[in-house]
Amino acid sequence: MRTPGDRPRTAVVVGGGMVGLSTAWFLRRAGLEVTVLEQDHVAAGSSWGNAGWLTPPITTPLPEPAILRSGIAALVSPASPVYVPLRPDLDLLRFLLGFVRHSTHAAWRRAMAAYIPLNRRALAAFDVLAGGGVAEPTVRTEDFLACYRHPGQRRGLLAELEAIRAAGQPVDADLLDGAELRALAPALTAEVTAGIRLAGTRFIDPPRYMLALADAVVASGVVLREGVRVVAVDGGSATRPALVRTRPTRPVGGPSEHEAPPARPAAGPGTRVTGEEILRADAVVLATGAWLGDLARPFGVRMVVQAGRGYSFSIPVDPMPTMPLYFPAQRVACTPLGYRYRVAGMMEFRRPGDPLDPRRIRAIVDATRPLLAGDLDDRVDEWVGSRPVTADGLPLIGPTDAPRVIAAGGHGMWGITLGPLTGQLVAELVTSGDVPPDLWPFDPLR
């Protein structure tokens, strides 16, 4: 990544989600001058409206045989938990073919082996951020509840937990009946008769946490610039810095609430030409989520990063559960956020910029109404966000063909859980010049 003895001094991180902000914080902690460039606002992608679960015990590859058992007819239904709108799209076809190819038991075991070292360290990285000034806490809970209408429906998750244990990752879980579940979460209806309680998890309030992380990043000395789109990256060479060409996406002169104008650009001298700017940096980290391929493809990253879009909204629930609830058969995830309950779910393989599909919101409502005694008609913050999904279910983290450009994305549903650790490992890569062993399976050039 650099010539021997040439320690990097400057970095540009492209993307202001969980992965990008965590990477910036750890790079700054390592002593680099860091600029974060975000085309919209902090956590504008999948980091804002997700369920906020920190669940290393069940962080697993998305491609697995159970995904395909429902058949093709279910996948093209807007009411299906996993939805593939039919459209002419070569990248989507490539992704789907690769996804099917990796939906085998053997491929799942290989990918799970890659996740286990990250899962063991994931929560500790949040603790490092907390010790470094992130004021919003992670909430520890021993009552993460997976809930079912019928006891037989538990077989799928129980089999997955056994496979996770067999792969070498401990999982602490026990079985509960409906009465035991309602004693913990009285808002569950009588339709819920069986469940699984999972230990070793935490959760966050995603909007509050992301704003607190952004505040800590800025307080550490990072320059955070929102409303700035990266239009091109020159990867530089061993002796020449990378160049990042940007264009404002909002009027110049309108700083965001997190933007503190620096005495000098953190990534070296900038040149403004007709609203554009060129930044120079010793390292450029691409943490753009579902848009990763746009900037990474010229640097040898050929794997498609497909938007796996998820939906959410929040509702009043009385009494409010104090823990996350998961309805696996419906693929619906619920999390307490202050005085409302966030209800999230669905996976649709669509373009990241497509508008919210009201049918998907209705599908979540219809799936949840029989199970949760909340006012599902009093919805606010209806949202759709694009999770970056790869065909083999593994993120793309590591050096690209360009000597100074690093990919950090493709985490699928696990960008929140693994984001801080990804940032920690990427910072280690940038400062040492060596790829940490835990990142070897996630080579973006694979």
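See the structure printed just above.
Residues numbered from 1 in each chain as written. Predicted model: local features only at pLDDT ≥ 70, side-chain atom pairs only at ≥ 80, totals over all residues. Heavy atoms only, no water.

Asks: Let's hear about the side chain of arginine 309: which residues, and what values?
Replies: Within the secondary structure, arginine 309 sits in strand E16 (residues 306-315). On the basis of relative accessibility, which here comes to 1%, the residue arginine 309 falls in the buried class. Within the structure, arginine 309 has its side chain in polar contact with the side chain of glutamate 348 (distance 2.7 Å). There is a polar contact of 2.5 Å between the side chain of arginine 309 and the backbone oxygen of aspartate 354. (Helix = DSSP H or I, 4+ residues; strand = E, 2+ residues; numbered from the N terminus. Buried < 20%, exposed > 50% of the residue type's maximum accessible area, 1.4 Å probe, protein only. Polar contact = N/O pair within 3.5 Å; in protein donor to acceptor, adjacent residues only side chain to side chain.)

Asks: Which residues make up the pattern of salt bridges, and what are the values?
Replies: Tallied over the full model, the rule gives 25 salt bridges. Here glutamate 348 ties to arginine 309 by a salt bridge, and the two come within 2.7 Å at their closest N and O atoms. Taken together, the positions of glutamate 348 in strand E19 (residues 340-349) and arginine 309 in strand E16 put the pair 39 residues apart, joining distant regions of the chain. Salt bridges sharing common partners tie together Arg309, Glu348, Arg350, Asp354, Asp357, Arg359 and Arg360. (Salt bridge = Lys/Arg side-chain N within 4 Å of Asp/Glu carboxyl O.)

Asks: Outline the sheet that holds strand E9 (residues 201-203), listing residues and values.
Replies: The sheet built from three strands is open, its strands ordered E3-E9-E5 with antiparallel pairing. Both outer strands of the open sheet, strand E3 (53-54) and strand E5 (139-141), are each paired with one neighbouring strand and no more. Direction of pairing for E3 relative to E9: antiparallel, over a ladder of two bridges. Within the sheet, the bridge partner assigned to leucine 54 lies in E9 and is arginine 202. (Pairing = 2+ DSSP bridges.)

Asks: Could you give me a rundown of the pairing of E16, with the residues and numbers involved?
Replies: Within E16, 10 of the 10 residues are buried, leaving the element largely enclosed by the surrounding structure. Alternating residues of E16 divide into Gln306, Gly308, Gly310, Ser312 and Ser314 and Ala307, Arg309, Tyr311, Phe313 and Ile315, and every residue in both groups is buried. Note: E16 against strand E20 (residues 380-389), eight bridges, orientation antiparallel. Bridge pairing in E20 links serine 314 to valine 380. Here E16 pairs with E19 via seven bridges, running antiparallel. Bridging across to E19, serine 314 finds its partner in arginine 342.

Asks: Run through helix H11 (residues 415-432), naming residues and quoting values.
Replies: Look at H11: 24 Å from first C-alpha to last across 18 residues, which is about the 26 Å you get at 1.5 Å a residue. Taken as a whole, H11 carries its principal kink of about 30° at leucine 421. Among the 18 residues that make up H11, 15 are buried, leaving the element largely enclosed by the rest of the structure. Backbone geometry just downstream of H11 places glycine 433 in the positive-phi region, at approximately 85°. (Expected span 1.5 Å × (residues − 1). Bend = angle between axes of the 7 residues up to and from the residue.)

Asks: Give me the packing of helix H5 (residues 105-131) against H11: which residues, what numbers.
Replies: It is the contact of H5 with H11, at a shortest axis distance of 7 Å, that shows an interaxial angle of 85°. Taken together, the axis directions place H5 and H11 in an arrangement best described as roughly perpendicular. In this structure, H5 uses Tyr115, Leu118, Asn119, Arg121, Ala122, Ala125, Phe126, Val128 and Leu129 to contact H11, whose residues at the interface are Ile416, Thr417, Leu418, Pro420, Leu421, Gln424 and Leu425. Broken down by class, the residue content of the contact of H5 with H11 amounts to 12 nonpolar, three polar and one charged. (Axes fitted to C-alpha atoms, helices over the stretch in contact; angles between N-to-C directions. Parallel < 35°, antiparallel > 145°, perpendicular 65-115°, else oblique. Contact = heavy atoms within 4.5 Å. Nonpolar A, V, L, I, M, F, W, Y, C, P; charged D, E, K, R; others polar.)

Asks: Tell me about the side chain of arginine 404, and name the residues and values.
Replies: Within the secondary structure layout, arginine 404 lies in the loop between strand E21 (396-399) and strand E22 (405-409). With a relative accessible area of 4%, arginine 404 lands in the buried category. Here alanine 238 takes part through its backbone oxygen, which lies 3.1 Å from a polar atom of the side chain of arginine 404.

Asks: Any chance you could break down the sheet that holds strand E1 (residues 10-14) for me, citing the residues and the numbers?
Replies: Strand order across the open sheet formed by six strands is E10-E2-E1-E15-E22-E21, with mixed pairing between neighbours. Two strands lie at the open edges of the sheet, namely strand E10 (223-226) and E21, each paired on one side alone. Averaged over all adjacent pairs, the angle separating strand axes in this sheet is 15°, with direction ignored. Sheet strands touched by H11: strand E15 (283-286), E21 and E22. Its angle to E22, the strand with the most contacts, is close to 170°.

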